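# Secondary and tertiary structure notes
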Amino acid sequence: GCRIGSSVKYALFVHEGTGIYGPRGVPIRPRRRKFLRFKPQGSSRFVFAKSVKGMRPNPYLKDALPAAKL
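Right, let's walk through the structure included here. (Residues numbered from 1 in each chain as written. Predicted model: local features only at pLDDT ≥ 70, side-chain atom pairs only at ≥ 80, totals over all residues. Heavy atoms only, no water.)

### A closer look at the overall build of the protein chain
Tallying secondary structure elements over the protein chain gives two helices and two strands in all. In sequence order, the secondary structure elements of the protein chain are arranged as α-β-β-α. Scaling as 2.2 N^0.38, a compact globule of 70 residues should have a C-alpha radius of gyration of about 11 Å, whereas the protein chain reaches 16 Å, well beyond that. Dimensions along the principal axes, computed over C-alpha positions, put the protein chain at roughly 50 × 30 × 15 Å. For the protein chain, with 70 residues in total, the buried portion stands at 11%. Accessible surface, the protein chain: about 6,500 Å² in total, of which carbon and sulfur atoms supply 54%. (Helix = DSSP H or I, 4+ residues; strand = E, 2+ residues; numbered from the N terminus. Rg over C-alpha atoms; globule rule 2.2 N^0.38 Å. Buried < 20%, exposed > 50% of the residue type's maximum accessible area, 1.4 Å probe, protein only. Areas by Shrake-Rupley, 256 points an atom, 1.4 Å probe, with all protein chains shown as cover.)

Structure representation (structure tokens):
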């Protein structure tokens, strides 16, 4: 038998997607402030946004299953 999984805490978010692409289907909005603040990968400046769409799912675990059944 084989076992497929991940031990990182954010694996479910990568696999299932977030925001409008995730299970709830709603944009990501700030809870405590007026804006979200983050640094995009490869940038040295902060970006401010009232909401973001989220991340499309990457079902790598589901895709790995057929490869593991070799």
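From this point, the narrative continues.
### Notes on the environment of V8
If you trace the backbone, V8 turns up in the segment before α1 (11–16). V8 sits 59 residues away from A67 along the chain, and the two C-alpha atoms are 21 Å apart.

### Side note on the packing of aromatic side chains
Within this structure, the stated rule accounts for zero aromatic pairs. For the cation-ring pair, R37 lies above F46, with the distance from its terminal atom to the ring centre recorded as 3.7 Å. (Phe/Tyr/Trp six-rings, centres within 6.5 Å; stacked < 30°, edge-to-face > 60°. Lys NZ or Arg CZ within 6 Å of the ring centre and 35° of its normal.)

### Looking at the environment of L61
With respect to the secondary-structure elements, L61 resides in helix α2 (residues 60–68). By relative accessible area, which is 26% here, L61 ends up partly exposed. Between the C-alpha atoms of L61 and T18, which are 43 residues apart in sequence, the distance is 16 Å. Those residues in contact with L61 that lie beyond four places of it in its chain are I4, G5 and H15. (Contact = heavy atoms within 4.5 Å.)

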